[in-house]
There are 2 protein chains.
Amino acid sequence: MDKQQAQQLQIAALPPEIESEHFFEGVEKLLEVWFDERATGDLRNITRNQWENLLRHVKCEIISFTQNEHIDAFLLSESSMFVSRRRWILKTCGTTTPLKCLEQLLKLAQVEGYTVITDIFYSRKNFTRPEVQNSPHKGFYEEVTYLDSIFPEGRSYCLGSINQECWYLYTFSQPEKEGEEEEEDEVKPNQKLQQLQLQQPADFGDPDQTIEILMQQLDNDVMALFTKDKFATGQEVTQSSGIDLLLPQMHIDDFLFDPCGYSMNGINDKGEYMTIHITPEEKFSYVSFESNVALDNYTRLISQVIKTFKPGKFIVTIFANKSSLAYETMKELEIEYSTLSNWQRTDMQCCNFPSYNLLFAQYSRGKSS
Amino acid sequence: MDKQQAQQLQIAALPPEIESEHFFEGVEKLLEVWFDERATGDLRNITRNQWENLLRHVKCEIISFTQNEHIDAFLLSESSMFVSRRRWILKTCGTTTPLKCLEQLLKLAQVEGYTVITDIFYSRKNFTRPEVQNSPHKGFYEEVTYLDSIFPEGRSYCLGSINQECWYLYTFSQPEKEGEEEEEDEVKPNQKLQQLQLQQPADFGDPDQTIEILMQQLDNDVMALFTKDKFATGQEVTQSSGIDLLLPQMHIDDFLFDPCGYSMNGINDKGEYMTIHITPEEKFSYVSFESNVALDNYTRLISQVIKTFKPGKFIVTIFANKSSLAYETMKELEIEYSTLSNWQRTDMQCCNFPSYNLLFAQYSRGKSS
């Protein structure tokens, strides 16, 4: 399928039971899988045909593709897929079923010599309309049960208020192996992280961080840009909206859906990515921004994203491993976030996982704005 | 009911469906309610008879009572109740139903002039056997629904891993009033906390902190102390176990159940409290420690509690408001905790609420111990 064929897909993908009342679930399911550093394969050897077969389990299709020496970036009928040597990211919205392709992914990775998953992250915001989702995505409990059948040691979290708005995370990290532990005589017992760093230097030596900004109740005038009424191509909207200025070094692949909706992938020479997906309809407007760009402070970027899209409320999540620039500054960010003017922070949580720290914050527009 | 009558109660309270397989749910439901500082009443004017009536809704009884000029401390057939001028704490284990007495509490408080609840906290660890609980405690969702019917703006959280071990919290804090906000012209917009401090100096001027240590898989030799086989009175066990050394300035009211089980309340001249409840049976051993004692660093206290009871795993929660000594040192604690030898930290989360910070950490015994 090419970009032209894809133009009607976003609407066609709506489940029949809600065709009468137009609705699209912009909230994405985000799946990120890291394979063992010590294997020598390359996920980018997996062919387009193989990815297309895999994505049939998800119920979405490839509509565009860009790449550089570090990363392959696929624009999908419902959001995006990024493939690096040993990292795979799938982000899909609507009523797609990304967990259903995990077994197929493991098979394809095995052919490339990847038999060990070192880290997996599955996350999403609470759905606006959970009742229209398909199994195994009908609820977080069902998703966890499905993931637990593959990763028996996975842990699941709910950040934010369970009875209001929240963000779910399932994560599994490969523990150190018993045999290796015995070889590390000089390591003090129970300093688990230190052991892991010694055993898997490349794993923890690679700085890694991901920021997501999930926005709702967006400004009508801004959202009106992301329609075929206003523009003919994704490229025009990218420039008119200021998306091209957010991270200027990115090579952008964008797509404007008919009659409305927008997706973009950006990749730069360092192998970093960004991706934005927009559901502009007023009743259920939703914009997601995600990037793994390495910055020592995300405050400026967050402010610029917020100014570009003008949401009524938003969630920020930042993952950073111990080697990341972001890791040390997350404490500062806790304070700096709270000074973002005109915003009331409704929630703030941080989690220390074995190899990553996570910051979660939720904001809504203050009374005075 | 006095201490003698109470001796058989812990066993008698077991629901019939599990009498055949002896089980007792040590995990407590903890309810803490703060009333408006500006009212002039005193919850300690509520009579013993009124409290007994209220506790019938919970399905537990008073077995002992101590007091000083600051605080009334009740030892219950299932755990404890503490009453101060405007703060009420109820902690009950087994299959009790503490939420069912909330309406009665509000009525009694109203007679004392308290019409506004400024803060409420309802929390508990996941039950060992949730299926034997009574409504509205059959699950956190049911508890939240019940609380939401009384506090429509309450927020609910799950800390730790939802699919493994976790700790639930429901919290509601009275927002500032519109009228009052207008009077504070010099306050910058959206500096919500600062506004609250200016409006309600006494509320936030009172330092407040609570530490809980919830322990499981406890050492058999230590648990054997808390039985009638070994000792005749609570006082003997309190001394033999070293409980009297944990916070030496506390005036202790203790109780040893027949054939096993232990409860204690401690209060000091500052109005601070501590409370310990022990379910010693090997198959479902559980010990809870709780105190609001003001310390600038809880590491020593945690270590001493852990050495006294020797759990296989434990959860620590620390609440601290902005005026608390603990507040500024929570960041340090994050680091210091991780150096507790022989313990592996399986989870660590912190939450920033409007008027309190919360630290949650979960530990299990390391491989080498």
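Residues numbered from 1 in each chain as written. Chains lettered and ligands numbered in written order. Predicted model: local features only at pLDDT ≥ 70, side-chain atom pairs only at ≥ 80, totals over all residues. Heavy atoms only, no water.

A word on helix α5 (residues 140–148) of chain B. Residues and elements named next belong to chain B. All of the buried residues in α5 are Phe140, Glu143, Val144 and Leu147. Here the buried residues of α5 occupy an arc of 100° about the axis, which is enough to place them on one side. Those residues of α5 that are buried lie in contact with α4 (102–111), β6 (117–125), β7 (155–160) and β8 (166–173). (Buried < 20%, exposed > 50% of the residue type's maximum accessible area, 1.4 Å probe, protein only. Helix = DSSP H or I, 4+ residues; strand = E, 2+ residues; numbered from the N terminus. Arc of directions from axis to C-beta. Contact = heavy atoms within 4.5 Å.)

This brings us to the confidence of the model for chain A. All names here are of chain A. The predicted model of chain A has a mean per-residue pLDDT of 85, with 81% of residues at 70 or higher. When the criterion is pLDDT under 50, residues 6–18 qualifies, and its contacts beyond four places in sequence or with other chains add up to 32 contacts. The low-confidence segment residues 178–204, where pLDDT is below 50, has 43 contacts with residues more than four positions distant or belonging to other chains. (pLDDT = per-residue confidence, 0-100.)

Residue and element names in this part refer to chain B. All chains considered together, the criterion is met by 26 salt bridges over all chains. Arg129 is the salt-bridge partner of Glu21, the closest N and O atoms lying 3.8 Å from each other. Of this pair, Glu21 sits in the loop between α2 (9–12) and β1 (29–35) while Arg129 sits in the loop between β6 and α5, and the two are 108 residues apart along the sequence. Linking Arg38 and Asp36 is a salt bridge whose minimum nitrogen-to-oxygen distance equals 3.2 Å. (Salt bridge = Lys/Arg side-chain N within 4 Å of Asp/Glu carboxyl O.)

Let us now look at the pairing of strand β3 (residues 72–76) of chain A. All names here are of chain A. Across the five residues that make up β3, a large majority, five, are buried. Burial along β3 is two-sided: the residues Asp72, Phe74 and Leu76 and Ala73 and Leu75 are all buried. Two elements, strand β2 (residues 62–67) and β3, share five bridges in a ladder whose sense is antiparallel. Residue pairing in the sheet places Ser64 in a bridge with Leu75 of β3. The loop that links β2 with its antiparallel partner β3 comprises four residues. Pairing of β3 with strand β4 (residues 79–83), which is carried by five bridges, proceeds in the antiparallel orientation. Bridging across to β4, Phe74 finds its partner in Met81. As consecutive antiparallel partners, β3 and β4 are separated by two residues. (Pairing = 2+ DSSP bridges.)

This next bit is on the pairing of strand β11 (residues 262–267) of chain B. Residue and element names in this part refer to chain B. Across the six residues of β11, six count as buried, placing the element largely inside the fold. With burial as the criterion, each face of β11 is covered, one bearing Tyr262, Met264 and Gly266 and the other bearing Ser263, Asn265 and Ile267. Bridge count between strand β10 (residues 251–256) and β11: six bridges; the pairing is antiparallel. Considered in β11, the bridge of Phe255 is made with Ser263. In this structure, the hairpin formed by β10 and β11 is closed by a connection of five residues, where Gly261 is found at a positive phi of approximately 115°. In terms of strand pairing, β11 meets strand β12 (residues 273–279) through six bridges, oriented antiparallel. When the bridges of β12 are listed, Met264 appears paired with Ile276.

Residue and element names in this part refer to chain A. Sites flagged by UniProt as "binding site: substrate" (unreviewed entry) map to Phe24, Glu78, Phe257 and Glu281. Following the sequence through the fold, Phe24 ends up in the loop between α2 (9–12) and β1 (29–35). Along the polypeptide, Glu281 turns up in the loop between β12 (273–279) and β13 (286–291). If we skip the residues at most four places from it in the chain, Glu281 touches His22 and Cys260. (UniProt positions renumbered as here; feature names shortened; annotations may be inferred.)

Residue A:Pro136 is bonded to the preceding A:Ser135 through a cis peptide linkage, with omega at 5°. Residues B:Asp258 and B:Pro259 are joined by a peptide bond in cis, for which omega reads 10°. Along the chain, B:Pro259 falls in the loop between β10 and β11. The phi dihedral of A:Lys59 is positive, around 70°, even though this residue is not glycine. Tracing the chain through its elements places A:Lys59 in the loop between α3 (48–58) and β2. Classification of A:Lys59 as exposed rests on a relative accessible area of 54%.

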